[in-house]
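# Summary of structural features
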Amino acid sequence: MKISYTLLAICALLIFSFRQYEEKTEQNRVIPNKSFCTGERVEYRVHYGFINAAEAKVEVGKNVSMINNRPCFRVNVTGRTVGAFDLISRVRDTWRSYIDTTAILPHMFERQIQENKYRKEEKVFFNHNKDQAVSSIKDETKTFNVPNNIHDIISGYFFLRTINFEKVTEGEIIEVPTFFDGEVYKLRVRYVGKDVIKTKFGRTKVLRLNPLIPDNKFFKDEGAMRLWVSDDSNKIPLKAEVDLRIGSLEMDLKSYKGLRKDLTWF
């Protein structure tokens, strides 16, 4: 098992994106947002069996940033291995997205990857007027044509949080094109329904999601990922599970602060 790849999978669980139910193609769309704001911070712990394997953190900057002359949320997603896993394969990854506060679309995406001796830095600028993504890695810059209202993998997760799931049918598979690593992917997620789960903070109501993944050598099958998000306006992930070819990973909520609305426990 390669821990760097499975850590990426866990982080991807945090940032799966969803299509908009009323498609808008105008250049300056407006998405009502009652789900998140500046200053939010959520941390997770990743387990491999009974062993702590990694930690992940999602943070929204305390101040609004200006990109492309537009006000943006500055969102950081970081992942790092811990304990024995840090000795096997050391990971220190940072993903960053600047998300338009009105349109909930990305204007810039950055990633700094440190996995053992491997290093990679990339910066992507999005031109939504021309439906283009401009990627820069070292001294090489490439321009890609992308679909209208394209997301990066972080902005898609935040767009998800604005969706009213009362309008989603149980069993429905949601698809959205997302730009990552020079390609446009169709992320597919099935809405399973509602449930109640127990966490270290107490019991709470959740929405159950099943991200669908292509066949590969790391995961058990297409439905190997399961995700539980809070059934409230926040819609933050509270728990995730990933079935691997060998063993499984679990992600649990470690801490949170700065949410727009406090979570409800019982």
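The rules behind these values
Residues numbered from 1 in each chain as written. Predicted model: local features only at pLDDT ≥ 70, side-chain atom pairs only at ≥ 80, totals over all residues. Heavy atoms only, no water. Helix = DSSP H or I, 4+ residues; strand = E, 2+ residues; numbered from the N terminus. Buried < 20%, exposed > 50% of the residue type's maximum accessible area, 1.4 Å probe, protein only. Contact = heavy atoms within 4.5 Å. Areas by Shrake-Rupley, 256 points an atom, 1.4 Å probe, with all protein chains shown as cover. Salt bridge = Lys/Arg side-chain N within 4 Å of Asp/Glu carboxyl O. Pairing = 2+ DSSP bridges.

Per an unreviewed UniProt entry, the protein is named DUF3108 domain-containing protein, and its organism is Dyadobacter pollutisoli.

A few words on the overall build of the protein. Scanning the protein from terminus to terminus reveals 3 helices and 15 strands. Residue burial in the protein is summarised as follows: out of 266 residues, 51% are buried. The contacts in the protein between residues at least 6 apart in sequence include a share of 52% that link residues at least 24 apart. Approximately 13,000 Å² of the protein is accessible, and the part contributed by carbon and sulfur atoms is 48%.

With that out of the way, let us pick up the pattern of salt bridges. Evaluation of the coordinates by the stated rule reveals 18 salt bridges. Linking E166 and K194 is a salt bridge whose minimum nitrogen-to-oxygen distance equals 2.7 Å. Of the two residues, E166 sits in the loop between α3 (153–160) and β10 (173–180) while K194 sits in strand β11 (residues 183–199), which places them 28 residues apart along the sequence. What makes K194 partly exposed here is its relative accessible area of 43%. As a salt-bridge pair, E241 and K239 come within 3.7 Å of each other at their nearest N and O atoms. Residue classification places K239 among the partly exposed residues on the basis of a relative accessible area of 22%. Salt bridges linked by common partners bring R111, K120, E122 and D181 together as one network.

Along strand β5 (residues 92–100), 9 of the 9 residues are buried, which leaves the element largely enclosed by surrounding structure. In terms of strand pairing, strand β4 (residues 70–81) meets β5 through 9 bridges, oriented antiparallel. Residue pairing across strands places V77 opposite W95, the latter belonging to β5. With 6 bridges connecting them, β5 and strand β6 (residues 106–115) associate as antiparallel partners. By the bridge assignment for β6, W95 is matched with R111. In this structure, the hairpin formed by β5 and β6 is closed by a connection of 5 residues, where I104 is found at a positive phi of approximately 50°.

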